[in-house]
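Geometric and topological summary
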Amino acid sequence: MTFPFRFEIDSETGEIRIAAPLDYEEVKEYLLGVAATDGSYRAQTTITIDVTDTNDNAPVFEQPSYKFALMQGQDAGILVGSVSARDLDAEGPNAQVFYRFVPIYPSF
Ligand SMILES: [Ca+2]
Ligand SMILES: [Ca+2]
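Residues numbered from 1 in each chain as written. Chains lettered and ligands numbered in written order. Predicted model: local features only at pLDDT ≥ 70, side-chain atom pairs only at ≥ 80, totals over all residues.

What follows concerns the overall build of the chain. In terms of regular secondary structure, the chain is built from zero helices and six strands. Overall, the chain shows an N-to-C arrangement of helices and strands of β-β-β-β-β-β. For the chain, the spread of C-alpha atoms along the principal axes amounts to about 90 × 30 × 20 Å. Burial status across the chain gives 1% buried among its 108 residues. Taking contacts inside the chain between residues at least 6 apart in sequence as the whole, the part at least 24 apart equals 45%. (Helix = DSSP H or I, 4+ residues; strand = E, 2+ residues; numbered from the N terminus. Buried ≥ 20, exposed ≤ 12 C-beta atoms within 10 Å, placed from the backbone. Contact = placed C-beta atoms within 7 Å.)

See below:
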């Protein structure tokens, strides 16, 4: 596949620059064909461009809020419920999600 609109090449220097921001979650690798001509002859090569992932997606909880009911008198350690958030970044540390409690009301 080629995406010439994502990249531009300087016809005199051969410098290649991006024409629009790249998104790893959209396309991870580009394969471009480049030709060099001297007016009479032509050579051709290919360029592979690997896009490196960045942490550009925040985790999103699967529900806007959660509610659990629990009978009084239960032993410590009993499961209350679980929350889950997804991250649209690719697999790896950019998509890894950790959970912790945070205060809702200011302490007084
Ligand atoms: Ca992320
Ligand atoms: Ca990303």
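It is worth spelling out the pairing of strand 4 (residues 42-50) at this point. Little of strand 4 sits inside the fold, with zero of its nine residues counted as buried. Sheet analysis places strand 3 (residues 29-37) next to strand 4, joined by nine bridges and oriented antiparallel. Within strand 4, the residue paired with Ala-36 across the bridge is Ala-43. Taken together, strand 3 and the strand that follows it, strand 4, pair antiparallel across an intervening segment of four residues, in which Gly-39 is found at a positive phi of about 95°. (Pairing = 2+ DSSP bridges.)

Worth remembering: the numbers are spatial, not functional.
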